[in-house]
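Structure assessment
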Amino acid sequence: MVWKVIGMVVVAVLAIWIIGALIKALLPILVIAAIGTGVYLLYKAVTGANEKSPLSKQ
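It should be emphasised that the depicted structure is a prediction, and the values quoted were computed from it without experimental measurement.

A word on the overall build of the protein
- Along its length, the protein carries one helix and zero strands.
- Within the protein, buried positions represent 2% of all 58 residues.
- Accessible surface, the protein as shown: approximately 5600 Å² in total, 79% of it carbon and sulfur.

Written out as C-alpha cells, the structure reads:
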C-alpha cells in the first residue's frame with residue numbers, strides 16, 4: 001500500500017514537471033501567434049478590406 005502511494009506521488013510529480021516544460025516551450029509561440037493575429041485584424045480594420053459587408057453600407 002505504501003508503494004502504491006509513493007508511486008502515485010512520483011507519477012504526479014513527473015506529470016507536473018512534463019506539463020510545465022511543455023508550457024514553457026510553447027508560450028513564446030502562442031505569444032507570437034497572438035501578436036500576429038492582432039496585427040492582421042488591425043490591418044484589416046484600418047484598410048477596410050471587407051467593404052462589401054452589410055455593416056459598412058450606409
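Re a nonpolar patch on the surface
- Residues Val2, Trp3, Ile6, Val10, Leu14, Trp17, Ile18, Leu22, Leu26, Ile29 and Leu30 make up a contiguous nonpolar surface patch of about 1200 Å² in total accessible area.
- The class for leucine 26 is partly exposed, based on a relative accessible area of 45%.

Concerning helix α1 (residues 2–47)
- The first and last C-alpha atoms of α1 sit 66 Å apart over 46 residues, in line with the 68 Å expected at 1.5 Å per residue.
- The sharpest bend along α1 reaches about 35° and sits at leucine 26, with the proline proline 28 one to four residues further on.
- Positive phi shows up at glycine 48, right after α1, with a value of about 65°.

The rules we used
In this convention, every chain numbers its residues from 1, walking through the sequence in written order. Per-residue local features of the predicted model are confined to residues with pLDDT of at least 70, and side-chain atom pairs are confined, for both listing and counting, to 80 or more; whole-chain, interface and lining totals are unaffected and use all residues. Heavy atoms from the whole structure form the basis of all side-chain values; hydrogens and water molecules are not counted. A helix here means a DSSP run of H or I that spans at least four residues, while a strand means a run of E at least two residues long, and both kinds are numbered starting from the N terminus. Only protein chains enter the calculation, and the probe is 1.4 Å; a residue is then buried if its accessible area is under 20% of its type maximum, exposed if over 50%, and partly exposed in between. Here the accessible surface of atoms and residues is derived via Shrake-Rupley with a 1.4 Å probe, and residues count as covered only by protein chains that are part of the display. Patch definition: residues above 30% relative accessible area lacking any salt bridge, with like charges linked at up to 9 Å and the nonpolar side chains Val, Leu, Ile, Met, Phe, Trp and Tyr linked at up to 5 Å. Any Lys or Arg side-chain nitrogen located within 4 Å of an Asp or Glu carboxyl oxygen qualifies as a salt bridge. Helices are assigned an expected span. That span is 1.5 Å times one less than the residue count. Each residue is assigned a bend, namely the angle between axes fitted to the seven residues that terminate at it and the seven residues that start at it.

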